[in-house]
Every structure is written in structure tokens, then in C-alpha cells.
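Observations on chain architecture
Listed here are the chains, written in short residue letters.
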Amino acid sequence: MKITEEQRKVLDSFSCERLAGKPENMRIVEDFYNSRNPQLEQNLKDKAYEEDENNTTAYYVIKDEEGSVVFYFSLKCGMLYDKIVEADQYQQLQKIYNLLIKKITDKSISEDKKEGFKELLESLRSKKGLTRESLERVFRADEVTIDEIFKGNQRHVGKTYSGVEIVHFCINDGYREKWEALNMPQRLGSIIFWKFIIPQVECLLEIVGCEYIFLFAADLSEDESLVNYYRELGFTDSLVHHVAIPLYDLACKFMHQKTNQLIEKQKKFFENFNPDFSEK
């Protein structure tokens with residue numbers, strides 16, 4: 001059964017805005033927390049505002065009518081491709097990743113220095129850019145062959161496909177109780193995806209070509225609960241195309257779907273918003 005007018009009014013009371021659109025957002029995100037992934041919480045509080053302001057990654061906060069943060073997500077441009085060769089620098093990047101993990105878990109290294117290693121890991125994960133300066137700041141010359149990593153500026157691949165990545169997708173655990181009191185028949189993340197993320201993609205399609213929307217599912221569970229959740233949203237983990245995946249996300253599953261099918265899927269979501277319990 002389709003969404004009711006009363007349910008629609010409730011969802012319409014929520015707003016979606018760019019994080020850096022209002023200075024007050026720097027203050028209200030301090031109440032945001034996520035017990036499942038504290039790193040996503042810290043990213044929102046420590047770096048997201050500046051990154052949004054500089055347009056390196058577009059951050060969006062979902063607020064209720066009282067101004068409380070319900071959810072946040074972020075988007076950035078990316079590209080899929082058909083693979084024909086391996087990346088030349090993979091071995092060097094793998095070495096960096098292994099060294100970072102080793103240093104972060106080394107009890108003899110101070111917490112201040114570990115912060116620099118953690119920042120590099122986040123740069124690998126979110127593809128913010130791994131710079132020569134950042135590597136030289138935390139690694140000795142005999143630990144990493146930096147020149148090998150930065151040689152050349154081209155990558156030969158097969159056909160390329162334009163895309164947009166959902167980099168962050170995170171609920172405010174402090175809002176769960178209020179959300180559950182609304183008794184919505186759909187999960188909050190699903191509603192955020194179809195009501196707030198897809199309209200942003202629609203706006204993007206009006207000005208630039210974009211064939212795919214994709215993400216990296218960080219799911220280490222045996223039953224792939226998170227991966228299955230994204231499958232319900234229409235994503236597939238097929239190996240038809242490839243993508244440049246950061247080493248931080250090597251344990252994650254690359255998932256994607258075509259943008260030209262999103263509007264029809266969005267329509268079906270709201271047409272079937274309420275389960276029909278008469279069907280067996």
C-alpha cells in the first residue's frame with residue numbers, strides 16, 4: 001500500500017541541507033554519535049565541515065523540524081571502468097597499508113603519532129588524496145619508496161563509466177528513540193536513500209552525465225546483513241565493472257546500480273511503503 005498523506009507530512013517535516021550551508025551546523029553535530037562506527041562520528045565532527053566548504057566531498061545533514069540531526073550522508077564524484085591492467089603502484093600502496101596498521105597497533109608509539117597514521121588510513125578509505133607531503137611526514141625514507149608511488153600520471157584502462165559515490169551513510173544513534181516513536185513501516189536508512197539522496201542525484205543528472213551510483217559496504221558479518229540491506233535498495237555486487245578502491249576499503253564490498261533506473265525504483269518504494277498484510 002502506498003504512503004499515506006499523514007506519513008508523507010511527517011517525512012516532509014524533515015529537511016536536507018548541506019553541512020557547510022549554515023555555521024550553526026558545526027555546533028549541532030556535536031550531539032551526533034554512532035556506536036557502530038565511531039570513526040564516522042568523528043569524521044562528521046572534525047573534518048566534514050571543512051571538506052564540504054571546500055567542495056572536496058559534499059556532506060548533507062538531515063534534520064527534524066526542531067533542528068536535531070537525524071542522519072548524515074556524503075557524496076562525491078567517481079568513476080567505474082572495465083579493467084585491462086593492474087595498477088602499477090598496488091604493491092607499494094599495500095605496503096603502506098600494512099605499515100599503517102602495524103604502527104597504529106604498536107603500543108610503543110605515542111597516541112599523537114598514531115593520529116597521523118589514522119589520518120592517512122582515512123585518506124585511503126575516502127579517496128581524499130594521498131599526498132607526497134603526508135607520506136613524508138609520517139614515514140622514513142627507508143620505510144616507503146615514495147617516488148615509486150607518484151611516478152606517472154596516467155592509468156590505462158578499458159571503457160570508463162561516470163558515477164557518484166555515497167561515501168558516508170550514517171544514522172545518529174541519539175535519534176533512534178524518537179524515530180521509533182513515529183512507527184514508520186520502513187527503515188530510516190531506506191527512507192533517507194529514496195527521499196533525500198536520490199533527489200540530489202536527480203539534480204546532478206540535470207547538469208552532468210552520471211551512469212552509476214555506488215558505495216563500499218563495510219560488512220564483516222557472516223550473514224552479510226549490511227550487503228543484503230543495500231541489495232534491498234537496488235545495489236548489486238556483480239563484477240561487471242571495476243572501480244578504484246582504497247586499501248582501507250579492501251575488506252568492503254563494492255556495490256553499484258544504474259542511475260537511469262532510480263526514479264522508477266523510487267516511485268515503487270513509496271507506492272509500496274506500507275506492507276500489505278493481506279497478501280500471503
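Residues numbered from 1 in each chain as written. Predicted model: local features only at pLDDT ≥ 70, side-chain atom pairs only at ≥ 80, totals over all residues. Heavy atoms only, no water.

**A closer look at the packing of helix α10 (residues 188–205) against helix α12 (residues 262–271)**
- Across the interface, α10 lies against α12 with an axial gap of 11 Å and an inter-helix angle of 150°. Relative to α12, the element α10 lies roughly antiparallel. Of the two possible hands of crossing, α10 and α12 adopt the one that is left-handed. Touching Ser-190, Ile-191, Trp-194, Lys-195, Ile-198, Pro-199, Val-201 and Glu-202 of α10 are Leu-262, Ile-263, Lys-265, Gln-266, Phe-269 and Phe-270, all from α12. (Axes fitted to C-alpha atoms, helices over the stretch in contact; angles between N-to-C directions. Helix = DSSP H or I, 4+ residues; strand = E, 2+ residues; numbered from the N terminus. Parallel < 35°, antiparallel > 145°, perpendicular 65-115°, else oblique. Left-handed = near helix turned anticlockwise from the far one by under 90°. Contact = heavy atoms within 4.5 Å.)

**As for the nonpolar core**
- Core analysis: the biggest nonpolar cluster contains 42 residues, and Phe-169, Phe-193 and Ile-197 have the highest contact counts within it.
- Of all the secondary structure elements, the ones that give two or more residues to this core are β2 (58–63), β3 (69–81), β4 (160–171), α10, β5 (212–217), α11 (225–232) and α12.
- In terms of residues, this core owes the most to one element, α10, which gives ten residues.
- Setting aside chain neighbours within four positions, we find Phe-169 in contact with Phe-71, Tyr-72, Phe-73, Gly-189, Ile-192, Phe-193, Ile-197, Tyr-229 and Tyr-230.
- Listed in part, the 13 residues of the second largest apolar core include Val-29, Phe-32, Leu-44 and Val-61. (Core = buried A, V, L, I, M, F, W, Y, C linked by side-chain atoms within 4.5 Å. Buried < 20%, exposed > 50% of the residue type's maximum accessible area, 1.4 Å probe, protein only.)

**Quick notes on unusual backbone geometry**
- The phi dihedral of Asn-55 falls on the positive side, at around 65°, and the residue is not glycine.
- Residue placement: Asn-55 occurs in the loop between α4 (48–53) and β2.
- Unusually for a residue other than glycine, Asn-183 sits at a positive phi of about 55°.
- Within the secondary structure, Asn-183 is located in the loop between α9 (176–181) and α10.
- Judged by relative accessible area, Asn-183 falls into the exposed class, the value being 64%.

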